[in-house]
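Results of the structural survey
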Amino acid sequence: MSVAESWSRVMSLLRKHAPADHADLPGPVTEQMLAAVEERMGISLHGDLRTWLLHNNLDLPEEDVDDDVMCCGFDGFPDEGSFFLGIRAMERLYANHPLSGGAEWCEEWIPFQSDRDGWMGQFIDARDGRIGRWFVGEPTVTGEYESLAHYFDSVAEMLTRIGAGQYPVCSVAEGRLVWS
């Protein structure tokens, strides 16, 4: 399954099980926005990441951005405590990553999910599209998922379990994911 198909499955399940959360999500980035970000970052984004961002740019509206935190995003999606990054948040965390400059971080790793402080999250390797995970103070994990599509498949499975009431740490109330 392609990244576009996997993400479409995630969005369909979110629309079905948490329609209020789905309605909050913004539209896509443009090719011009992606080109400008790549130029500022000095790296080409992996094709899967580009495809995903051309479907949904999950940046918060400017007025909702909290300058006191490293990253801002839509709380509670894809899980409690972390969120998908939009293109502005990706660029900001990439430029100021807590592990950058050390042996633990490669410039080809583009964060796409994080907590508010940037201390933990997931990244896509711009060279081969594999998904890894970082947590400050612990070893970085590379190749956790073969691709962004495989990762989104796991999110879709989680949403399916939530919708069936088979995910003990999350339920749905008033069209929103509620984490316990």
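Definitions and cut-offs
- Every chain begins its residue count from 1, and numbering advances along the sequence as written.
- Per-residue local features of the predicted model are confined to residues with pLDDT of at least 70, and side-chain atom pairs are confined, for both listing and counting, to 80 or more; whole-chain, interface and lining totals are unaffected and use all residues.
- Excluded from the side-chain calculation are hydrogens and water; included are all heavy atoms of the structure.
- In this description a helix means any DSSP run of H or I spanning at least four residues, a strand means any run of E spanning at least two, and both kinds are numbered starting from the N terminus.
- Whether two residues are in contact is decided by their heavy atoms: any pair within 4.5 Å suffices.
- Pairing between strands is defined by DSSP: at least two bridges between them are needed.
- Definition used for salt bridges: Asp or Glu carboxyl oxygen within 4 Å of a side-chain nitrogen of Lys or Arg.
- Partly exposed describes any residue whose relative accessible area lies between the buried limit of under 20% and the exposed limit of over 50%, with all areas from a 1.4 Å probe on protein chains only and scaled to the type maximum.
- Each residue carries a pLDDT value, the predictor's own confidence for that position, ranging from 0 to 100.
- Arc, as used here, means the arc of the directions from the helix axis to the C-beta atoms.
- Buriedness of a pocket was judged along seven lines, with at least five required to meet protein on both sides within 12 Å; pockets are open sets of points on a 1 Å grid over the protein atoms alone, cavities are sets where a 1.4 Å probe fits but cannot get out, and lining residues have an atom within 4 Å of a point.
- Grid points are joined across faces, edges and corners, and a volume is the space filled by probe spheres set on the points.

1. Quick look at the side chain of Glu38
- Inspection of the secondary structure assignment puts Glu38 in helix α3 (residues 31–41).
- With sequence-adjacent residues up to four places away left out, Glu38 is seen in contact with Ile43, Ser44, Leu45 and Arg50.

2. Notes on the sheet that holds strand β1 (residues 78–79)
- Spatially, the six strands line up as an open sheet ordered β1-β2-β3-β4-β5-β6, and their pairing is antiparallel. Two strands close off the open sheet at either side, each with one partner strand: β1 and β6 (141–145).
- Where strand β2 (residues 82–84) meets strand β3 (residues 109–114), two bridges bridge the pair, whose relative direction is antiparallel. When the sheet's bridge partners are listed, Phe84 is paired in β3 with Gln113.

3. Regarding the pattern of salt bridges
- Overall, the coordinates contain 10 salt bridges when judged by the stated rule.
- Measuring nitrogen to oxygen at the nearest pair gives 2.5 Å for the salt bridge that ties Glu157 to Arg9. Residue Glu157 is located in helix α6 (residues 148–163), and its partner Arg9 is located in helix α1 (residues 3–17); the two are separated by 148 residues in the primary sequence.
- When its relative accessible area of 41% is taken as the criterion, Glu157 is described as partly exposed.
- Under the relative-accessibility criterion, Arg9 is labelled partly exposed at 27%.
- A salt bridge links Arg40 to Glu91, with the nearest nitrogen and oxygen atoms 2.6 Å apart. Within this pair, whereas Arg40 is found in helix α3, its partner Glu91 is found in helix α5 (residues 87–95), the two being separated by 51 residues in sequence.
- On the basis of relative accessibility, which here comes to 16%, the residue Glu91 falls in the buried class.
- When salt bridges that share partners are traced, they join Asp21, Asp24 and Arg176 into one network.

4. Concerning the confidence of the model for the chain
- Per-residue pLDDT for the chain has a mean of 89; in total, 92% of the residues score no lower than 70.
- Looking at the elements of the chain, mean pLDDT is at its lowest for β1, recorded as 85, and at its highest for α6, recorded as 96.

5. Here we look at the environment of Asn57
- Along the polypeptide, Asn57 turns up in the loop between α4 (47–53) and β1.
- A relative accessible area of 8% means that Asn57 is categorised as buried.
- Sequence separation between Asn57 and Ser100 is 43 residues, and the spatial gap between their C-alpha atoms is 24 Å.
- Contact partners of Asn57, with chain neighbours within four places excluded, come to Pro26, Gly27, Pro28, Val29, Met33, Gly86 and Ile87.

6. Let's talk about α3
- All of the buried residues in α3 are Leu34, Val37, Glu38 and Met41. The buried residues of α3 occupy one face: seen down the axis, they fall within an arc of 100 degrees. Across α3 from its buried face, at more than 90 degrees, point the exposed residues Gln32, Glu39 and Arg40.
- At its buried positions, α3 is contacted by α4, α5 and β3.

7. Some points on the layout of surface pockets
- Estimates place the volume of the largest pocket at around 220 Å³.
- Around the largest pocket, the lining is made up of 17 residues, and of these Asp79, Gln113, Gln122, Arg133 and Tyr151 lie nearest the centre.
- When contributions to the lining of the largest pocket are tallied by element, the ones reaching two or more residues are β1, β3, β4 (120–125) and α6.
- Top element by residues in the lining of the largest pocket is α6. It accounts for four residues.

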